[in-house]
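Listed below are the residues making up each chain.
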Amino acid sequence: MTRNPFAWMREAISSSETDIINMSGVDTAVYFVFLATALGIFVFSGIVLLPVLLPVAATDHTIRAVNTTSKGTFNELDKLSMGQVGNSGARLWAFIVATYWVSIVSYFFLWRAYKHVAELRAKALMSPEVRADQFAILVRDIPSVSEGQSKKEQIDSYFSAIYPETFYRSMVVTDNKKVNKIYEELEGYKKKLERAEAIYAESKNTNPDALKPSHKTGFLGIIGEKVDSIEFYNDKIKELIEKLEAEQKLTLKEKQQSSALVFFNSRVAAASASQNLHAPIVDTWTVMDAPEPRQLIWTNLSKKFYERIIRQYVVYVVVFLTIFFYIIPIGFISALTTLDNLVKMLPFLKLVVKLKVIKTVLEAYLPQLALIIFLALLPKFLLFLSKAEGIPSESHATRAASGKFFYFTVLNVFIGVTLGGTLFTSFKSIEHDPNSIFDVLAKSLPQNATFFLTFVALKFFVGYGLELSRIVPLIIFHLKKKYLCKTEAEIKEAWAPGDLGYATRFPNDMLIMTIVLCYSVIAPIIIPFGVAYFGLGWLLLRNQALKVYVPSFESYGRMWPHIYTRMIATLILYQVTMLGYFGVKKFKPTPVLFPLPIISLIFAFICQKKFRRFFISPALEVVSHELKEVPNMEIVYSSFIPPCLSAGKPDEHQFEDALSHVSKPGSSSV
């Protein structure tokens, strides 16, 4: 509506939480609750810390850059940090009080956020709209079928006996590997046919006598017999449709697995069934509420109870080893990319670094840039590991990958970079006096304040600049459109923006929160950078959520308990860091900080007991609200049929071995 380059800011600020939910779902709204919570913590902490601690540090002249926080990059910042304050004096009491203030502010905002997210989830689940996943449960670990009984009959008789009034239909999960391969091949040829027809139509517009497109059938279209592309693709499609229909029948009849989707004509019944214990032995008839159809990871549904447990522990070991061994190259990179070390290895850089402006920029941002690039390689590997656990849904796999990435970033970036750089520069002193390693490690966190300050600045200046401009996706899109895309479908696919990417976005934001929180008292000047990061993030990503990104799933805020746990972990890490630093300064009243981690654990326990259960299972009080219309159970059930089994519109009788039809559709509206 306007060409004003700043109009998006007004629209983002004026948008309501309801607008966000309507456009991007509850999960996106929960993400903004997280951003607002972090922003609130830093704003209210900064209101006290900046005007109190900065003058206290700046006016103390007992120490001169002994406990440096800048490592020589910006020496003037030392005068505004806790390292400037003497090791024993009344001024340190201001930092003790500040440590408590930040903790109290965090408790207030975390409690408020948890309560608000629970309300958002409740409001979404009590919606009068019919949502397929609210009428289904996922059943796994179905025991072996007794003689003379099919899998379908076993499931039907089991659930119709327990829920005689509300059980509607069951769908046995099948091994779709082969049928899915044929389906994907068929879809590939359909796209190629559409592309060939588009190329032919375009050439006919410019030259009425244009020949039909052709290609060679051999390796990469380079060798082999030359054929008419349109006729070849049409023949292949007909051949694959017949093959697909035959494989669909075979899959539905002979490749049934030990899991199923069970449907109820009441969402109260489905919610109740998802929470109940159905068998006295834990490894049979395990039940959970069904995720959205688009979220299901079909290959994981049939994995057995003990197989899932073994896979989970194997993945934990692999993640631990990844974190442990990744810390070596990250620590090496953090030490290697310091300007002094680079000049030693690459002497020709001496001419460049003599220029003061270039030297300052390189000292401030070179190690951080190397670290950001190095971390970009990891997320897909962690998502692969999460899916390998046997997790049944995309949202759950994203939450699991997010958790792994968070602990990885905290241990490798926050702690690994600090210790790696410190050990590298202090190796000789440790070699002469091994006992000094504890003092060296204790001092290492505060010595890296400016490194992390510039890291945060780089993340929001460069990261959010690229996010707002979307220059990289724009360039890629135009290159694809010019050289690769020939059909409307291909252009649409190239333009698709994807989702917010929670698996990496949450951990990256949590890393910034960890850094700013842990240094908020040691070097309060970092707080404005944290406020800028989360404030800009809230504003900019609000615009992206409303106008750019398209959510790939909806879990109704189930990510929040995981975010909350990591925020509590960050808070405790901050409190332990302050305990350690006060201990290094040999400040006698340091024990007054000991209650803080204990209070945080008690606070976390109370919050989890009060709110968490609702995020595991839907509350019956919430789902008992009336729907605006009687649900069409045929549509509900058909939405869960995977595309590879519904393609080609096979007759209903094909599904008789994997699907059952017990009660009449739409027998209840609740």
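Report follows, based on the coordinates.

What counts and what doesn't
- Residues numbered from 1 in each chain as written.
- Predicted model: local features only at pLDDT ≥ 70, side-chain atom pairs only at ≥ 80, totals over all residues.
- Heavy atoms only, no water.
- Helix = DSSP H or I, 4+ residues; strand = E, 2+ residues; numbered from the N terminus.
- Buried < 20%, exposed > 50% of the residue type's maximum accessible area, 1.4 Å probe, protein only.
- Contact = heavy atoms within 4.5 Å.
- Areas by Shrake-Rupley, 256 points an atom, 1.4 Å probe, with all protein chains shown as cover.
- Axes fitted to C-alpha atoms, helices over the stretch in contact; angles between N-to-C directions.
- Parallel < 35°, antiparallel > 145°, perpendicular 65-115°, else oblique.
- Left-handed = near helix turned anticlockwise from the far one by under 90°.
- Nonpolar A, V, L, I, M, F, W, Y, C, P; charged D, E, K, R; others polar.
- Polar contact = N/O pair within 3.5 Å; in protein donor to acceptor, adjacent residues only side chain to side chain.
- Pairing = 2+ DSSP bridges.
- Salt bridge = Lys/Arg side-chain N within 4 Å of Asp/Glu carboxyl O.
- Patch = residues over 30% accessible without salt bridge, like charges linked within 9 Å, V, L, I, M, F, W, Y side chains within 5 Å.
- Lys, Arg positive; Asp, Glu negative; His and termini not counted.
- Charge placed at Lys NZ, Arg CZ, Asp CG, Glu CD.
- Phe/Tyr/Trp six-rings, centres within 6.5 Å; stacked < 30°, edge-to-face > 60°.

### Considering the overall build of the protein
Part 1: Across its full length, the protein carries 27 helices and 6 strands.
Part 2: Considering the protein as a whole, with its 670 residues, one finds that 49% of them fall into the buried category.
Part 3: Within the protein, residue pairs in contact and separated by at least 24 positions form 83% of the contacts whose partners lie at least 6 positions apart.
Part 4: By element, 64% of the accessible surface of the protein is carried by carbon and sulfur atoms, the whole surface being about 32700 Å².

### Remarks on the packing of helix α3 (residues 26-58) against helix α4 (residues 92-125)
Part 1: Across the interface, α3 lies against α4 with an axial gap of 9 Å and an inter-helix angle of 165 degrees. Considered as vectors, α3 and α4 are oriented roughly antiparallel to each other. α3 and α4 meet at a crossing whose hand is right-handed.
Part 2: Of the residues that constitute the contact of α3 with α4, the class distribution is 23 nonpolar, 5 polar and no charged.

### A few points about the side chain of Q544
Part 1: If you trace the backbone, Q544 turns up in helix α22 (residues 527-547).
Part 2: A residue is classified by how much of its surface remains accessible, and Q544, at 2% relative accessible area, is buried.
Part 3: At 2.9 Å, the side chain of Q544 forms a polar contact with the side chain of N543.
Part 4: With near-sequence residues (within four places) excluded, Q544 lies in contact with E467, L468, R470 and Y549.

### Section: the sheet that holds strand β1 (residues 136-140)
Part 1: As summarised here, the arrangement of the 4 strands in space is β2-β5-β1-β6, forming an open sheet in which the pairing is antiparallel. Pairing within the sheet leaves two strands with one partner each, and these edge strands are β2 (167-174) and β6 (286-289). Direction aside, the axes of adjacent strands within the sheet are offset by 25 degrees on average.
Part 2: With 4 bridges connecting them, β1 and β6 associate as antiparallel partners. Considered in β6, the bridge of V139 is made with V287.

### Description of the pattern of salt bridges
Opposite charge on two side chains allows them to pair when their charged atoms are near.
Part 1: One pass over the structure, following the stated rule, counts 14 salt bridges.
Part 2: The closest approach of N and O atoms between K628 and E129, which form a salt bridge, is 2.7 Å. With a gap of 499 residues between them, K628 in the loop between α25 (620-623) and α26 (633-638) and E129 in the loop between α4 and β1 connect regions that are remote in the sequence.
Part 3: Close ionic contact of K191 with E493 constitutes a salt bridge, the shortest N to O distance being 3.9 Å. On the criterion of sequence distance, the pair formed by K191 in helix α6 (residues 177-206) and E493 in helix α20 (residues 488-495) is long-range, its members being 302 residues apart.

### As for a negative patch on the surface
Part 1: Residues E185, E231, D235, E239 and E242 make up a contiguous surface patch of negative charge.
Part 2: Within the element layout of this structure, D235 appears in helix α7 (residues 229-254).
Part 3: Taking the relative accessible area as the measure of exposure, D235 reaches 48% and is therefore partly exposed.

### With respect to the packing of aromatic side chains
Part 1: Evaluation of the coordinates by the stated rule reveals 36 aromatic pairs.
Part 2: Between F159 and W285, the ring centres sit 5.8 Å apart and the planes meet at 75 degrees, which makes this aromatic pair edge-to-face. Pair noted here: F159 is in helix α5 (residues 151-162) and W285 is in the loop between α8 (267-275) and β6, with a separation of 126 residues, a long-range link. Taken individually, F159 and W285 each receive the classification buried, so the pair is uniform in this respect.
Part 3: Between F614 and F615, the ring centres sit 6.0 Å apart and the planes meet at 65 degrees, which makes this aromatic pair edge-to-face. The same class applies to F614 and to F615, which are both buried.
Part 4: By the ring-pair criterion, three or more aromatic residues cluster together here, those being Y31, F32, F34, F42, Y464, Y502, F506, Y533, F534 and F553.

### Comments concerning the packing of α4 against helix α24 (residues 595-616)
Part 1: Taken N-terminus to C-terminus, the directions of α4 and α24 make an angle of 5 degrees; their axes are 11 Å apart at the nearest point. One way to sum up the angle between α4 and α24 is to call them roughly parallel.
Part 2: Broken down by class, the residue content of the contact of α4 with α24 amounts to 18 nonpolar, 4 polar and 4 charged.

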